[in-house]
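These are the residues of each chain, in order.
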Amino acid sequence: MITPYDLSHEGGVNRHAVALAAALAPLGHRAAVLGPASGEVPPGCTGVRGVVPLPANGSVARIGLLADARATHRWLEASGAELVHVHEPLVPGPGRHAMGWARRHGRPVVATFHASAERELPVQRLLRRVAAAALGRIDHGIAVSRQAKAFSRAVFRGRTAVIPNGVDLGRFTAALADEGPAGPADLVGPALAGQAGVAAADRPPRILFVGRFGEPRKGLGVLLDAVARLRATGRTVEVLVAGSGPPALAARLTGPGLTFAGRLDDLALAAAYRGADLFCAPSLGGESFGMVLVEAMAAGCPVVASDLPGYAEAARGAALLTPAGHPAALAEALWRALRDEPLRARLAAHGLARAATLSWDRVAAHVARIYAAAVRHHAAEAAGRAAGRSPP
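Residues numbered from 1 in each chain as written. Predicted model: local features only at pLDDT ≥ 70, side-chain atom pairs only at ≥ 80, totals over all residues. Heavy atoms only, no water.

Caption draft 1: Local environment of the side chain of His-114. With respect to the helices and strands, His-114 occurs in the loop between strand S6 (109-113) and helix H4 (122-131). Within the local environment of His-114, its side chain forms a polar contact with the side chain of His-87, the two groups lying 2.9 Å apart. Contacts of His-114, omitting those with residues within four sequence positions, involve Val-13, His-16, His-87, Glu-88, Val-144, Ala-148, Asn-165 and Ser-288. (Helix = DSSP H or I, 4+ residues; strand = E, 2+ residues; numbered from the N terminus. Polar contact = N/O pair within 3.5 Å; in protein donor to acceptor, adjacent residues only side chain to side chain. Contact = heavy atoms within 4.5 Å.)

Caption draft 2: Looking closely at the nonpolar core. Leu-208, Val-210, Tyr-273, Phe-279, Leu-293, Val-294 and Val-303 are the most contacted members of the largest nonpolar core, which totals 38 residues. Of all elements in the fold, only strand S9 (206-210), strand S10 (238-242), helix H11 (266-275), strand S12 (278-281), helix H12 (291-298), strand S13 (303-306) and helix H13 (309-315) reach the threshold of two or more residues within this core. Here this core takes seven residues from H12, the largest share from any one element. Of all hydrophobic cores here, the second largest spans 28 residues; its members include Leu-230, Leu-278, Leu-320 and Leu-330. (Core = buried A, V, L, I, M, F, W, Y, C linked by side-chain atoms within 4.5 Å. Buried < 20%, exposed > 50% of the residue type's maximum accessible area, 1.4 Å probe, protein only.)

Caption draft 3: Summary view of the packing of aromatic side chains. Within the structure shown, the criterion is met by four aromatic pairs. Seen in terms of ring centroids, Phe-172 and Tyr-273 are 5.8 Å apart; in terms of plane orientation they differ by 70 degrees. Their pairing is edge-to-face. Note that Phe-172 is positioned in helix H6 (residues 169-172) and Tyr-273 in helix H11, a separation of 101 residues in sequence. The exposure class of Phe-172 is buried, given its relative accessible area of 1%. By relative accessible area, Tyr-273 is classed as buried at 0%. Grouped by ring-pair contacts, the aromatic residues Phe-172, Tyr-273 and Phe-279 constitute a single cluster. (Phe/Tyr/Trp six-rings, centres within 6.5 Å; stacked < 30°, edge-to-face > 60°.)

Caption draft 4: Focus on the sheet that holds strand S5 (residues 84-87). Taking strand neighbours across the sheet as the criterion, the four strands line up as S5-S6-S7-S8 in an open arrangement whose pairing is parallel. Strand pairing shows two members of the sheet lacking a second neighbour, S5 and strand S8 (160-162), which therefore form its edges. Sheet twist, expressed as the average angle between the axes of neighbouring strands with direction ignored, equals 20 degrees. As paired strands, S5 and S6 are joined by four bridges and run parallel to one another. When the bridges of S6 are listed, His-85 appears paired with Val-110. (Pairing = 2+ DSSP bridges. Axes fitted to C-alpha atoms, helices over the stretch in contact; angles between N-to-C directions.)

Caption draft 5: Molecular detail of helix H9 (residues 220-232). Counted at 1.5 Å a residue, the expected span for H9 with its 13 residues is 18 Å, and the 18 Å between its end C-alpha atoms agrees. Along H9, the residues that are buried comprise Leu-220, Val-222, Leu-223, Leu-224, Ala-226, Val-227 and Leu-230. The inward-facing, buried residues of H9 contact S9, S10, helix H10 (247-253), strand S11 (258-262), S12 and helix H14 (327-339). A positive backbone phi angle near 85 degrees is found at Gly-234, which sits one or two residues after H9. (Expected span 1.5 Å × (residues − 1).)

What follows is the structure in structure tokens.
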């Protein structure tokens, strides 16, 4: 399994690849993960050098642009790879090297398309089409959402199944119920404090934001503007920001009721979700699915989010959606949810049900079926070439 992004940095595609590899083990598969790395990598992963940061989709993509293809080839040969699963096959680096190796060694290839974008510059469209030349090596595609599938269709017309991101339900439910939250006690909010096993604090309602807050497209500025509008009318709320970003920006944005917790470990992040009165995902665009929504729902936290196609698909009616980039509309939605306890209860209940359908065991089982289909397709294609005819 190959991820294109720096394994030394947190990211949704990397989390997906690592979690999927672990979820495949109970099904009898032995999955190993390789990707570019600028430093330490998660347990069980292998990193190759050559990371280059490039601006992309309103963010910075740390990809293995300068990775040595021979390092990937040696790793694949040593691992005895029988199938290659490439995430984001259009991204230059180890994934493209792995597809070339698979082609030469007669191994089937599965590729997952994660990305989507509401708007694409002409130069980006041209680069994608040039990069698409190697996609004929793919035996079966996967897209994490209908939005991602539609985005991939400009360059890949092969068979593609929509399989959403998975979520580790136990990480957000049983562990906290048994052990209580990790990290500072004030990460736990009043609405769900009983579930987390601690006393409620006497303070205003808490809204949680999770993400790389330094990236404008994640929408933290919109959330802070919405909160300022609430405060201007005497409606006080707190905002907890969990995630990475420039310390200088965090220092500049500090104000009453605003806390930057930094990047939290798994248990502390689960506590933050379960301790918030609302989770808010105010992204402006470029979200193909919305893993943070699913995590919040798995923790029983009501969700308010931008009305983006990827978020709507992730939530399936289990979130209160509001127009992206509109602080006034977001402020209204936040206050509506905060003052309406039955609404929050319904959102939480629907969210838990939706998250249950996205558990990693279900997702991994679906992916395993795609692997089997890719193996059959690859064998039929090889047989067709040997017989001098086109494959079915």
